[in-house]
Amino acid sequence: MDDTVVVLGSANADLVVTVPVRPAGGETALGSDVETLPGGKGANTAVAAGRLGAPVAFVGALGTDANGDLLLQSLRSAHVDTTRVRRVDRPTGTAFITVTPDGENSIVVSPGANAALTPEDVDLTGAAVLVASLEIPLPVVEHAVALAAAGGVRPVLNLSPVAELSPRTLAALDPLIVNEHEAHTLTGGTGDLLALGPRTAIITRGARGARVLTPEGATDVPAPAVAAVDTTGAGDAFAGALAASLATGATLDAAARTAVLVAAISVTRPGAQPSYPTADEVAQG
């Protein structure tokens, strides 16, 4: 039985600095010592799903450097299948992240090896769900979604950062996931994501949870109140948990409820991948 979550996306080394305030243009701020942590939207999503016990395979590209080794170790420690990861002669992707005391972050990404991914790298063997994100070449994402739709695999896309998708790609998505800022950009402020063509959509809303959009209507999924420490990777935690639940046959609403809880737990801990909970931690609330 096909039950694997195949994750397609970026893998980055996150260089994280805590700052008292986010510097404005031309301003300098003194920060903490730099931490180097495993990250990247794709790798984060894979680790989040793997920590929950889902069978997961990651499709991505890493450099042959120490940061690539760090990311492979993190993926494997979450029981993610890394046989579909290609090592290339480019630096592993890097994200430069500043985190303020309220837990909010600003991120600049240097794609590096992620830009070397090609459509030929996509392998959906055994997949029940494909969950893809950006920070990799758009043609690779669109090829993977088309392959999934043709093969009976449920295509999920976290459209972050926002990019223009073909109507064919949008029409296959079930669901399209974006945050509130991305939803505003895509819809011009209307919030009507289904008008763009996806079968279903989800808007992640930070501390307010998520909104699930289907042809039958909208459902708001509230998030538990938590003290946020670091919101880095919370959206990826949501996407990974959602895909893991969907692969078990859960409804979209039920999967979103699990995903909101996983994301809420993740923001109470520093970092992206290191913050993701196990299935037992989620069960405990």
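Higher on the page you've got the structure.
Residues numbered from 1 in each chain as written. Predicted model: local features only at pLDDT ≥ 70, side-chain atom pairs only at ≥ 80, totals over all residues. Heavy atoms only, no water.

Enquirer: Could you give me a rundown of helix 7 (residues 252-266), with the residues and numbers involved?
Expert: Between its terminal C-alpha atoms helix 7 stretches 21 Å, which fits the 21 Å expected from 15 residues at 1.5 Å a residue. Taken across its 15 residues, helix 7 has eleven buried, putting it largely inside the fold. Inspection of helix 7 places Leu252, Ala255, Ala256, Ala259, Val260, Leu261, Val262, Ala263, Ala264, Ile265 and Ser266 among the buried residues, and these make up the whole buried set. Looking at the packing, one finds that the buried side of helix 7 touches strand 10 (154-158), strand 12 (201-204), strand 13 (210-214), strand 14 (217-221), helix 6 (234-247) and helix 8 (279-283). (Helix = DSSP H or I, 4+ residues; strand = E, 2+ residues; numbered from the N terminus. Expected span 1.5 Å × (residues − 1). Buried < 20%, exposed > 50% of the residue type's maximum accessible area, 1.4 Å probe, protein only. Contact = heavy atoms within 4.5 Å.)

Enquirer: Before we move on, can you summarise the environment of Thr231 with the specific residues and values?
Expert: Note that Thr231 resides in the loop between strand 14 and helix 6. On a C-alpha basis, the gap between Thr231 and Asp102 in space is 9.1 Å, while along the polypeptide they are 129 residues apart. Those residues in contact with Thr231 that lie beyond four places of it in its chain are Gly103, Glu104, Asn105 and Val267.

Enquirer: Tell me about the packing of helix 6 against helix 7, and name the residues and values.
Expert: Running from amino to carboxyl end, helix 6 crosses helix 7 at an angle of 145°, the nearest separation of the two axes being 8 Å. By crossing handedness, the relation of helix 6 to helix 7 is classed as right-handed. Note on element contacts: helix 7 touches helix 6 through Leu252, Ala255, Ala256, Thr258, Ala259, Val260, Val262, Ala263 and Ser266, opposite Ala234, Ala237, Phe238, Ala241, Leu242, Ser245 and Leu246. Partitioning the contact of helix 6 with helix 7 into residue classes produces 13 nonpolar, three polar and no charged. (Axes fitted to C-alpha atoms, helices over the stretch in contact; angles between N-to-C directions. Left-handed = near helix turned anticlockwise from the far one by under 90°. Nonpolar A, V, L, I, M, F, W, Y, C, P; charged D, E, K, R; others polar.)

Enquirer: Let's hear about the side chain of Thr82: which residues, and what values?
Expert: Considering the arrangement of structural elements, one finds Thr82 in the loop between strand 5 (80-81) and strand 6 (85-88). For Thr82, a relative accessible area of 11% gives the class buried. Not counting chain neighbours up to four residues away, the residues in contact with Thr82 comprise Leu72, Leu75 and Arg76.

Enquirer: With reference to specific residues and values, describe the packing of helix 1 (residues 41-51) against helix 6.
Expert: Two elements in contact, helix 1 and helix 6, have axes separated by 7 Å at closest approach and are oriented at 50°. With respect to helix 6, the axis of helix 1 lies oblique. Where helix 1 crosses over helix 6, the two elements pack in a sense that is right-handed. Facing helix 1, whose interface residues are Lys41, Asn44, Thr45, Ala48 and Ala49, helix 6 presents Asp236, Ala237, Ala239, Gly240 and Ala244. The residue makeup of the contact of helix 1 with helix 6, split by class, is five nonpolar, three polar and two charged. (Parallel < 35°, antiparallel > 145°, perpendicular 65-115°, else oblique.)

Enquirer: Help me get a handle on the layout of surface pockets, residues and values and all.
Expert: As a volume, the largest pocket reaches approximately 1000 Å³. For the lining of the largest pocket, the secondary-structure elements that each account for two or more residues are strand 2 (12-18), helix 1, strand 7 (93-99), strand 8 (105-110), strand 11 (176-179), helix 5 (180-187), helix 6 and helix 7. Partitioning the lining of the largest pocket into residue classes produces 18 nonpolar, 15 polar and eight charged. (1 Å grid on protein atoms, 1.4 Å probe; cavity = no way out; pocket = protein on both sides within 12 Å on 5 of 7 lines; lining within 4 Å. Points joined across faces, edges and corners; volume = space filled by probe spheres on them.)

Enquirer: Talk me through helix 5; I want residue IDs and the actual numbers.
Expert: All of the buried residues in helix 5 are Glu182, Ala183 and Thr187. Taken end-on, helix 5 shows its buried residues confined to a sector of 115°, consistent with a single buried face. When the buried face of helix 5 is taken as reference, the exposed residues oriented beyond 90 degrees from it are His181 and His184. Taking the backbone nitrogen of His181 as reference, a side-chain oxygen 3.2 Å away marks Asn179 as the first, capping residue of helix 5. One or two steps after helix 5, the chain reaches Gly188, where phi turns positive at roughly 70°. (Arc of directions from axis to C-beta. Polar contact = N/O pair within 3.5 Å; in protein donor to acceptor, adjacent residues only side chain to side chain.)

Enquirer: Explain the pattern of salt bridges residue by residue, including any values.
Expert: In this structure the tally under the stated criterion is ten salt bridges. Residues Arg87 and Asp69 are paired through a salt bridge, measuring 3.0 Å at the closest nitrogen-oxygen approach. Taken as a pair, Arg87 in strand 6 and Asp69 in helix 2 (residues 66-77) lie far apart in primary sequence, 18 residues in all. The partner of Arg211 in a salt bridge is Asp220, with the nearest N and O atoms 2.6 Å apart. Classification of Arg211 as partly exposed rests on a relative accessible area of 29%. According to the relative accessible area criterion, Asp220 is partly exposed, its value standing at 40%. Here the salt bridges share partners, and the residues they tie into one network are Glu180, Arg205, Arg208, Arg211 and Asp220. (Salt bridge = Lys/Arg side-chain N within 4 Å of Asp/Glu carboxyl O.)

Enquirer: Could you give an account of the side chain of Gln273, naming the residues involved and the relevant values?
Expert: By the element assignment, Gln273 lies in the loop between helix 7 and helix 8. Looking at Gln273, the relative accessible area reads 0%, which means it is buried. Side-chain polar atoms of Gln273 contact the side chain of Asn44, separated by 3.1 Å. Other than its neighbours up to four places away in sequence, Gln273 contacts Pro38, Gly39, Ala43, Asn44, Val47, Arg51, Leu71 and Ser74.

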